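Summary of the model geometry
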Amino acid sequence: MSTLADQLEEMFLSDKVTCLSPKFAATLTGQDVELCSAALAELVARGVLFSNASKSSNEEGQVSHQTTYFLRED
């Protein structure tokens, strides 16, 4: 039986996705955002993906953080 990390890896390898955030991964898989975040982090640890963290703020000064994951192609 494949794990959530395996399912996400297959999405990247089959070109179904080119990048994922934990929230979008949760939307695609129907899983919890925290589970998807852990699975994506596992794929980074395996050397399959790399991540890019960003921070932005809106006019009210509210800060949001987002991490996006990409397939490592080296």
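The structure displayed is predicted, hence computed values, not measured ones. (Residues numbered from 1 in each chain as written. Predicted model: local features only at pLDDT ≥ 70, side-chain atom pairs only at ≥ 80, totals over all residues. Heavy atoms only, no water.)

**Structural notes on helix H2 (residues 22-29)**
Looking at H2, one finds that the buried residues are Pro22, Ala25, Ala26 and Thr29. Taken around the axis of H2, the buried residues stretch over an arc of 100 degrees, which confines them to a single face. Exposed positions of H2 whose direction lies more than 90 degrees from the buried face are Lys23 and Thr27. Residues of H2 that are buried make contact with helix H1 (4-13), strand E1 (19-20), helix H3 (33-46) and strand E3 (63-71). (Buried < 20%, exposed > 50% of the residue type's maximum accessible area, 1.4 Å probe, protein only. Helix = DSSP H or I, 4+ residues; strand = E, 2+ residues; numbered from the N terminus. Arc of directions from axis to C-beta. Contact = heavy atoms within 4.5 Å.)

**Points about the sheet that holds strand E2 (residues 49-57)**
Across the sheet, which stays open at both edges, the three strands sit in the order E1-E3-E2 with antiparallel pairing between neighbours. Bordering the open sheet on either side are E1 and E2, each of which pairs with just one other strand. In the packing of H1 onto the sheet, the strands contacted are E1, E2 and E3, and the crossing angle to E3 comes to about 70 degrees. (Pairing = 2+ DSSP bridges. Axes fitted to C-alpha atoms, helices over the stretch in contact; angles between N-to-C directions.)

**So, the packing of H2 against H3**
Interaxial distance between H2 and H3 falls to 8 Å at its minimum, and their mutual angle equals 110 degrees. In terms of their interaxial angle, H2 and H3 are classed as roughly perpendicular. Regarding H2 and H3, the two cross each other, and that crossing is right-handed. On the side of H2, the interface is formed by Pro22, Lys23, Ala25, Ala26 and Thr29, while H3 contributes Val33, Cys36, Ser37 and Leu40. (Parallel < 35°, antiparallel > 145°, perpendicular 65-115°, else oblique. Left-handed = near helix turned anticlockwise from the far one by under 90°.)

**Concerning the packing of aromatic side chains**
Under the defined criterion, the tally for this structure stands at one aromatic pair. Between phenylalanine 50 and phenylalanine 70, the ring centres sit 5.3 Å apart and the planes meet at 25 degrees, which makes this aromatic pair stacked. Of this pair, phenylalanine 50 sits in strand E2 while phenylalanine 70 is found in strand E3, placing the two residues 20 residues apart along the sequence. Judged by its relative accessible area of 34%, phenylalanine 50 falls in the partly exposed class. (Phe/Tyr/Trp six-rings, centres within 6.5 Å; stacked < 30°, edge-to-face > 60°.)

**Remarks on the pattern of salt bridges**
What the rule picks out here adds up to three salt bridges. A salt bridge links aspartate 6 to arginine 46; its shortest N-O distance comes to 3.3 Å. You can see aspartate 6 sitting in helix H1 and its partner arginine 46 sitting in helix H3, a full 40 residues away along the chain. Owing to a relative accessible area of 30%, aspartate 6 belongs among the partly exposed residues under this scheme. For arginine 46, a relative accessible area of 39% gives the class partly exposed. Residue arginine 46 is joined to glutamate 42 by a salt bridge in which the shortest nitrogen-to-oxygen separation is 2.6 Å. Of this pair, arginine 46 and glutamate 42 both sit in helix H3, four residues apart, which is roughly one turn of that helix. Given the relative accessible area of 36%, glutamate 42 is considered partly exposed. Taken together, the shared-partner salt bridges connect Asp6, Glu9, Glu42 and Arg46 into one network. (Salt bridge = Lys/Arg side-chain N within 4 Å of Asp/Glu carboxyl O.)

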